[in-house]
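Working through the structure, step by step
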Amino acid sequence: MVQDVTENNVRMSIPVAHPVIPDPAPLKALAPAAVEQVRTWLHEARNHPTNFSARQLAGVLKDPDGLDFTVGFVDRVVRPEDPAIAAEALRDLAPRTPGFLPWPMRAAMGAGGRLAPAVPQLAVPAARKVLRELVSHLIVDATEDRLGPAIRKLKTPGTRLNINLLGEAILGRGEAAKRMAGIRTLIERDDVDYVSVKVSAATAPHSPWAFEEAVTEVTESLLPLYELAASQAGTPAGSTFINLDMEEYHDLDMTLAVFMRLMDTPQLRTLEAGIVLQAYLPDALDAMIRLQEWSARRVADGGAPIKVRVVKGANLPMEHVQASLTGWPAATCASKQDTDTNYKRVLNYALTEERTRSVRIGVAGHNLFDIALAWLMVRDRGLSTEQVGGRRPDVEFEMLLGMATGQAEAV
Ligand SMILES: Cc1cc2nc3c(=O)[nH]c(=O)nc-3n(C[C@H](O)[C@H](O)[C@H](O)COP(=O)(O)OP(=O)(O)OC[C@H]3O[C@@H](n4cnc5c(N)ncnc54)[C@H](O)[C@@H]3O)c2cc1C
């Protein structure tokens, strides 16, 4: 295991024994079948109608200035609380509106840009509405009267909906309490059975030198949410599944420690919950082994299994910023190929009949080749993707709302 990791690996502090890792050679043999599977999915996806706003956003992002325009709009027009500041930015950005947008949207942006400095209270909300329409397939309005109908529309047989309450970075205890209250409201709903939380949302930023204090504080802040979910066991809707998302590398050890401490709490012994691991970290396999060995003990003692969602990792630019600020090597793999290999390495270890008894796996991503490979591994290793009786599936495939919807339907 040690020789598998790349040079810039920052190794986790807890050493692990040498576990049995399935021979990766059969994975290579599955490659042609995976490519064929992707062809089939793409063929099936062609018949799936694409959403209007998805087509618009894809078109905008194909424009050479599309990404800059969209990011600039979100940062400078949507984010500022002061309409006068947003209006100035809107005037700057409006002439750069991508030509791909249909003319009513372009006209609204153009008029908004010209009028913004004179009547910011009117022009800014109108322009923000245009952007909201552009991303309406990616996010759902969480207000009381909109959320229920949106959930009803999205829930289809065989699909579970994981709801992630988005918002700005949490900078203080008041904001953290507000976010926790918002997630609590979601858990209390009968139509929500799966939510995501983040350690960074549970408390104000902590000192990296106060690891124990931060773990205790975050655990105490999250515990009531998990207790609420546990108290729902036996109700018709059942316990809401809570997933602890993973963010930046500096929070990896803390997120693992908080998760295990929460799940070791006696009243949560029979609650199933999940955590995310990022394969772009060379540490991912060590972390998976650590969770596996801990969860196997928990299950042997009569506890519930856990679920680990395996992703590649979404914070690459931030990891590079951190590395450049400190002069340290980046914590992430050195190349896309290393990340892709590590993703397969983690799945190869985790996707066995014995291991999924204590750690169910979420294969999350939009790379159809990796999904197809995982799909074939699941088939060849005799694992389940469907709930059998009271037992949840060994493996779930997870995608983000609105991204490649046709392909998601085909998978
Ligand atoms: C349902 C779901 C839940 C998710 N939850 C989380 C989460 O909790 N935390 C989180 O961090 N992410 C999460 N993600 C995002 C995920 O980590 C990936 O960013 C995203 O899925 C893109 O990866 P891919 O396999 O779909 O696509 P691909 O195009 O195959 O891979 C892109 C990924 O490769 C890696 N990569 C790209 N270039 C390089 C490079 N030069 N060096 C090293 N690595 C590189 C990056 O991780 C990048 O995101 C989630 C994704 C999904 C679908």
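Here, every reference points to the structure presented above.
If you're wondering where the values come from, they're calculated on a predicted model, not measured in any experiment.

A word on the overall build of the protein. Assigned secondary structure in the protein consists of 17 helices and seven strands. Taking 411 residues into account, the globule formula puts the C-alpha radius of gyration at 22 Å, and the protein, at 23 Å, falls close to it. If you take every contact in the protein between residues at least 6 apart in sequence, the share linking residues at least 24 apart comes to 76%. In the structure as shown, the protein presents an accessible area of about 21300 Å², 58% of it carried by carbon and sulfur atoms. Taking the 44 positively charged and 51 negatively charged side chains of the protein as two groups, their mean positions are separated by 5 Å.

Applying the stated criterion across every chain yields a total of 23 salt bridges. Residues Asp340 and Lys336 are paired through a salt bridge, measuring 2.9 Å at the closest nitrogen-oxygen approach. Of this pair, Asp340 and Lys336 are both found in helix 14 (residues 336–350), four residues apart, which corresponds to roughly one turn of the helix. Given the relative accessible area of 15%, Asp340 is considered buried. Between Asp370 and Lys344 there is a salt bridge, and its shortest N-O distance comes to 2.6 Å.

Turning our eyes to something else, we now look at empty space enclosed by the protein. If you walk through the whole model with that rule in mind, you get two cavities of 30 Å³ or more. One number sums up the size of the largest cavity: a volume of about 50 Å³. Lining of the largest cavity is provided by Val60, Phe69, Phe73, Leu101, Met109, Val130, Leu131 and Leu134. Those elements that provide at least two residues to the lining of the largest cavity are helix 3 (66–78) and helix 6 (120–134).

Bringing the nonpolar core into the picture now. Leu222, Tyr226, Phe259, Leu291, Val308 and Ile361 are the most contacted members of the largest nonpolar core, which totals 84 residues. Filtering out sequence-adjacent residues up to four positions away, Leu222 remains in contact with Met180, Val197, Ala202, Leu244, Val258 and Leu262. Ranked by size, the runner-up nonpolar core spans 21 residues in total, among them Val60, Met109, Ala116 and Ala127.

The ligand sits among 22 residues. The nearest are Gln278, Lys312, Gly313, Thr339 and His366. The contact in question runs from an oxygen atom of the ligand to an N or O atom on the backbone of Gly313, over 2.6 Å. In the environment of the ligand, an oxygen atom lies 2.6 Å from a nitrogen or oxygen atom belonging to the backbone of His366. Contact with the protein chains covers 77% of the free accessible surface of the ligand, which is 930 Å².

Taken together, the seven strands give an open sheet; going across it, the order is 1-2-3-4-5-6-7, and neighbouring strands pair in parallel fashion. In this open sheet, the two edge strands, each paired with only one partner strand, are strand 1 (163–164) and strand 7 (395–398). The sheet contacts of helix 16 (residues 368–380) involve strand 6 (359–364) and strand 7, and relative to strand 7 the element is tilted by about 165°.

Another point: the layout of surface pockets. To locate leftover empty space, one rolls a probe as large as a water molecule over the atoms. Size it by volume and the second largest pocket reaches roughly 440 Å³. Around the second largest pocket, the lining comprises 18 residues; the ones closest to its centre are Pro24, Leu27, Lys28, Thr341 and Lys344. Among the elements of the structure, helix 1 (25–45), helix 14 and helix 16 are those that each provide at least two residues to the lining of the second largest pocket. For the lining of the second largest pocket, the residue count by class is nine nonpolar, three polar and six charged.

Once that is clear, we can look at helix 16. For helix 16, built from 13 residues, the straight-helix expectation of 18 Å at 1.5 Å per residue is met to within 8% by its first-to-last C-alpha distance of 18 Å. Within helix 16, the full set of buried residues consists of Leu368, Asp370, Ile371, Ala372, Leu373, Ala374, Leu376, Met377 and Val378. You can read the cap of helix 16 off the contacts: a side-chain oxygen lies 3.0 Å from the backbone nitrogen of Phe369, and it is on Asn367.

Their axes nearest at 8 Å, the elements helix 1 and helix 16 cross at an angle of 115°. Between helix 1 and helix 16 lies a crossing of right-handed hand. Across the interface between the two elements, Leu27, Leu30, Ala31, Ala33, Ala34, Val35, Gln37, Val38, Trp41 and Leu42 of helix 1 pack against Leu368, Phe369, Ile371, Ala372, Leu373, Trp375, Leu376, Met377 and Asp380 of helix 16. For the contact of helix 1 with helix 16, the per-class residue count stands at 17 nonpolar, one polar and one charged.

Remark: helix 10 (residues 211–231) packs on helix 11 (residues 252–264), axes separated minimally by 9 Å, with the N-to-C direction vectors making an angle of 50°. As the angle between them shows, helix 10 and helix 11 are arranged oblique. With respect to the hand of their crossing, helix 10 and helix 11 are arranged in right-handed fashion. Contacts between helix 10 and helix 11 involve Phe211, Glu212, Ala214, Val215, Thr216, Val218, Thr219, Leu222, Leu223 and Tyr226 from the first element and Asp253, Met254, Ala257, Val258, Arg261, Leu262 and Met263 from the second. Split into classes, the residues belonging to the contact of helix 10 with helix 11 amount to 12 nonpolar, two polar and three charged.

Quick notes on the rules
Residues numbered from 1 in each chain as written. Predicted model: local features only at pLDDT ≥ 70, side-chain atom pairs only at ≥ 80, totals over all residues. Heavy atoms only, no water. Helix = DSSP H or I, 4+ residues; strand = E, 2+ residues; numbered from the N terminus. Rg over C-alpha atoms; globule rule 2.2 N^0.38 Å. Contact = heavy atoms within 4.5 Å. Areas by Shrake-Rupley, 256 points an atom, 1.4 Å probe, with all protein chains shown as cover. Lys, Arg positive; Asp, Glu negative; His and termini not counted. Charge placed at Lys NZ, Arg CZ, Asp CG, Glu CD. Salt bridge = Lys/Arg side-chain N within 4 Å of Asp/Glu carboxyl O. Buried < 20%, exposed > 50% of the residue type's maximum accessible area, 1.4 Å probe, protein only. 1 Å grid on protein atoms, 1.4 Å probe; cavity = no way out; pocket = protein on both sides within 12 Å on 5 of 7 lines; lining within 4 Å. Points joined across faces, edges and corners; volume = space filled by probe spheres on them. Core = buried A, V, L, I, M, F, W, Y, C linked by side-chain atoms within 4.5 Å. Near = heavy atom within 4 Å. Polar contact = N/O pair within 3.5 Å; in protein donor to acceptor, adjacent residues only side chain to side chain. Pairing = 2+ DSSP bridges. Axes fitted to C-alpha atoms, helices over the stretch in contact; angles between N-to-C directions. Nonpolar A, V, L, I, M, F, W, Y, C, P; charged D, E, K, R; others polar. Expected span 1.5 Å × (residues − 1). Left-handed = near helix turned anticlockwise from the far one by under 90°. Parallel < 35°, antiparallel > 145°, perpendicular 65-115°, else oblique.

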